[in-house]
Amino acid sequence: MKKRFIAVLLAVLTLLPGGALAAGRAFSDVDDSYGWARDAIEGFAAQGIVDGVGGGRFAPDDPVTREEFAKMLTLSFGMEPAAGGVPAYADVAADRWSYGYVEAARGYLDGYADPSGGKMTFKPETPARREDIAAAIVRILGYRAEDSDAATAAEGFTDYGAISPALRPYVGVAAARGLIEGYADGTFRPQAGITRAEAAVMLYRAVAQAADAQPEADAPKLTVTVCPSSVTEAEVTVSGAVSGQAGTLPSVTVNDKAVSVSPSGKFSVRLTLAPGDNEVVFTARDAAGKAVTETRMIKYTKSKGSLAEGYGYVQSTYRTKDGDGDTAVVIEVWDGSQARELWVKDADIGTEPRQGDIAHYYVYGDGTLDRIGRVANGKLGAVKEWDADTGRIRLFDGTTYRVTNDTFVLYVDTGRHTGADGGAVSEAFADGGGHYNNVFLATEVGEDVDLRVLVVDVNNQWED
């Protein structure tokens with residue numbers, strides 16, 4: 001059916017009303033006053049989709065019957081008239097001239113249910129109603145009335161209530177897409193018939209819309225199956241599938257680079273992205289040079305990693321220019337085990353920590369600083385005494401702390417050091433996150449011991 005349909009589209013839409021074919025089938029009663037319908041009537045007549053009534057006349061103002069419209073619908077869309085089989089309708093026998101067309105149009109042009117439960121009827125000689133024709137054309141074009149906002153367009157007709165409730169969405173879509181029009185007085189007149197000229201115009205418009213929706217018959221087909229719109233890694237794999245005519249596979253390029261295509265038509269390629277928006281152009285091209293292209297965008301935002309909290313003794317601060325040319329403040333802190341540099345834009349610094357302060361900061365895994373501030377209660381010093389029974393630690397400056405798991409964050413330089421008397425100072429043992437539960441001194445140490453601790457009082461548990 002598809003090939004026949006495309007052939008009909010090309011034949012009808014390329015006919016010129018003044019050409020030889022049209023001239024041979026011109027009708028004496030389709031004069032200049034029918035200029036709005038002449039192309040449709042003469043184009044369809046040249047294809048045998050519509051016939052005259054004899055004597056060189058078309059009778060453009062005569063009503064079109066349901067069986068006549070079934071023929072026009074079937075032939076316009078390249079469907080094969082049914083042959084044989086059991087008639088679906090009680091009033092359209094297999095030997096009736098319109099039987100093949102009525103059967104072919106079934107599913108697009110509705111019949112009538114028998115209230116007593118008998119076989120449906122078609123009423124072939126009854127004039128076709130405007131609402132039935134609108135629904136048939138919408139269905140055959142594959143428009144989904146229930147999914148379209150255009151379905152509400154029928155509400156604009158002043159006689160909206162007269163449209164059969166089940167057909168209102170179809171009438172709305174047909175009107176919104178220009179397949180059928182209302183009248184000057186704002187009505188739709190759903191139960192009214194349509195003339196032969198009107199039927200030709202409606203189908204001509206439908207065929208034109210269908211033609212616009214048809215892809216080039218011999219163009220390769222390209223489907224992009226995997227291409228994320230945003231990623232946090234620089235490397236990404238995109239993939240898709242292609243097919244061509246007569247079982248031949250087209251070649252594929254991604255951003256103008258050739259990509260290998262499997263015998264089943266599948267392809268994939270790994271791309272390296274730059275930060276920001278990246279355009280990815282997929283192209284499938286057959287041996288005849290016909291190509292189809294699809295463009296996608298991938299936004300690459302570098303992952304900063306997880307956010308971690310930290311404390312540190314501010315050793316120095318200075319200003320410099322960052323990679324963007326903006327003024328940045330560099331804060332050098334010692335976090336209990338190592339020195340690190342924290343960069344923050346000058347405009348975002350807020351309350352800037354000073355040398356000697358204890359800083360409280362949040363930093364991402366890639367080193368990007370999220371925020372930083374000063375801690376009021378914090379100190380860096382050397383341990384003089386540690387009482388494991390009471391949980392008190394005394395620094396050489398005389399400050400005493402009562403250290404508990406919940407009230408202090410205690411960072412200790414965990415290297416082994418030698419005290420003034422030559423005794424060894426043991427390592428401190430962490431609970432896994434840099435929060436130290438116990439500090440053990442193997443011997444009494446002197447003031448020159450190089451065991452430093454960073455103590456941050458969280459809940460004001462200081463002791464003098």
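All of these numbers come straight from a predicted model, not from anything done at the bench.

About the cut-offs
- Residues numbered from 1 in each chain as written.
- Predicted model: local features only at pLDDT ≥ 70, side-chain atom pairs only at ≥ 80, totals over all residues.
- Heavy atoms only, no water.
- Helix = DSSP H or I, 4+ residues; strand = E, 2+ residues; numbered from the N terminus.
- Buried < 20%, exposed > 50% of the residue type's maximum accessible area, 1.4 Å probe, protein only.
- Contact = heavy atoms within 4.5 Å.
- Areas by Shrake-Rupley, 256 points an atom, 1.4 Å probe, with all protein chains shown as cover.
- Pairing = 2+ DSSP bridges.
- Axes fitted to C-alpha atoms, helices over the stretch in contact; angles between N-to-C directions.
- Parallel < 35°, antiparallel > 145°, perpendicular 65-115°, else oblique.
- Left-handed = near helix turned anticlockwise from the far one by under 90°.
- Core = buried A, V, L, I, M, F, W, Y, C linked by side-chain atoms within 4.5 Å.
- Phe/Tyr/Trp six-rings, centres within 6.5 Å; stacked < 30°, edge-to-face > 60°.
- Lys NZ or Arg CZ within 6 Å of the ring centre and 35° of its normal.
- Polar contact = N/O pair within 3.5 Å; in protein donor to acceptor, adjacent residues only side chain to side chain.
- pLDDT = per-residue confidence, 0-100.
- Nonpolar A, V, L, I, M, F, W, Y, C, P; charged D, E, K, R; others polar.

A. Fine view of the overall build of the protein chain. Of the regular secondary structure elements, the protein chain holds eight helices and 23 strands. Taking all 464 residues of the protein chain together, the buried fraction comes to 40%. Counted over contacts in the protein chain with a minimum sequence separation of 6, partners at least 24 positions apart contribute 61%. On the protein chain, roughly 23700 Å² of surface is accessible, and the fraction owed to carbon and sulfur atoms is 48%.

B. A look at the pairing of strand β12 (residues 358-364). Counting buried positions along β12 yields five of seven residues, so the element is predominantly enclosed. Summarising the sheet, strand β9 (residues 307-321) and β12 pair through seven bridges and their orientation is antiparallel. Residue Gly310 lies in a different strand from β12, and its bridge partner there is Tyr361. The pairing of β12 with strand β13 (residues 369-375) spans six bridges and is antiparallel. Paired with Ala359 across the two strands is Arg374, which belongs to β13.

C. Main features of the sheet that holds strand β3 (residues 235-243). The sheet built from three strands is open, its strands ordered β1-β3-β6 with antiparallel pairing. Lying at the two open borders of the sheet, with one neighbouring strand each, are β1 (221-226) and β6 (266-272). Between one strand axis and the next, the sheet turns through 30 degrees on average, direction left out of account. Bridge analysis of β1 against β3 gives five bridges, and the strand direction is antiparallel. Each residue of the ladder has a partner; that of Leu222, found in β3, is Val242.

D. Inspection of the environment of Gly111 at higher detail. Relative to the helices and strands, Gly111 resides in the loop between α5 (99-104) and α6 (130-141). Between the C-alpha atoms of Gly111 and Ala88, which are 23 residues apart in sequence, the distance is 9.3 Å. Apart from the residues lying within four places of it in its own chain, the contact partners of Gly111 are Arg66, Tyr89, Met120 and Thr121.

E. Spatial organisation of the sheet that holds strand β5 (residues 257-259). Strand order in the open sheet made by the five strands is β2-β8-β7-β4-β5, with mixed pairing throughout. The open sheet has two edge strands, β2 (230-231) and β5, and neither has a second partner. Bridge count between strand β4 (residues 251-254) and β5: three bridges; the pairing is antiparallel. Residue pairing across strands places Thr253 opposite Ala258, the latter belonging to β5.

F. Molecular detail of unusual backbone geometry. Of note, the phi angle at Lys123 is positive, near 55 degrees, even though the residue is not glycine. Locating Lys123 in the fold gives a position in the loop between α5 and α6. For Lys123, a relative accessible area of 38% translates into the label partly exposed. Positive phi outside glycine occurs at Asp256, with the angle close to 70 degrees. As for its placement among the helices and strands, Asp256 is situated in the loop between β4 and β5.

G. Region of the structure containing the packing of helix α4 (residues 66-76) against α6. Following both chains from N to C, one finds α4 and α6 inclined at 20 degrees, their axes separated by 12 Å at the closest point. It follows from the interaxial angle that α4 and α6 lie roughly parallel. Handedness of the crossing formed by α4 with α6: right-handed. Residues Arg66, Phe69 and Leu73 of α4 form the contact with α6, whose own contacting residues are Asp132, Ile133, Ala136, Ile137 and Ile140.

H. Structural detail: the nonpolar core. Ile41, Phe69, Leu73, Phe77, Ile137, Leu141 and Leu203 are the most contacted members of the largest nonpolar core, which has 58 residues in total. No other element matches helix α8 (residues 196-213), which puts nine residues into this core.

I. The packing of aromatic side chains, seen in detail. All chains considered together, the criterion is met by seven aromatic pairs. Considering the side-chain rings of Phe44 and Tyr204, the 5.8 Å spacing of their centres and the 80 degrees angle between planes classify their relative orientation as edge-to-face. A residue pair is termed long-range when its members are at least 10 positions apart, and Phe44 in helix α3 (residues 35-46) and Tyr204 in helix α8 qualify at 160 residues. We classify Phe44 as buried; its relative accessible area is 0%. For the cation-ring pair, Arg66 lies above Phe122, with the distance from its terminal atom to the ring centre recorded as 4.3 Å.

J. Layout of the side chain of Arg66. Inspection of the secondary structure assignment puts Arg66 in helix α4. On the basis of relative accessibility, which here comes to 1%, the residue Arg66 falls in the buried class. In this structure the side chain of Arg66 is engaged in a polar contact, spanning 2.6 Å, whose partner is the backbone oxygen of Phe122.

K. Structural context of the environment of Gln315. With respect to the secondary-structure elements, Gln315 resides in strand β9. Along the backbone, Gln315 and Asp357 are 42 residues apart, and their C-alpha atoms lie at a distance of 8.3 Å.

L. Fine view of the confidence of the model for the protein chain. Mean pLDDT for the protein chain: 75, with 69% of residues reaching 70 or above. Considering only residues more than four positions removed or in separate chains, one finds that residues 458-464, a stretch of pLDDT under 50, has 19 contacts.

M. Examining the packing of α6 against helix α7 (residues 168-176) more closely. With their axes 8 Å apart at the nearest point, α6 and α7 run at an angle of 75 degrees to one another. Relative to α7, the element α6 lies roughly perpendicular. Residues Glu131, Ala134, Ala135, Val138 and Arg139 of α6 lie in contact with α7, whose contacting residues are Tyr170, Val171, Val173 and Ala174. A class-by-class count of the residues in the contact of α6 with α7 yields seven nonpolar, no polar and two charged.

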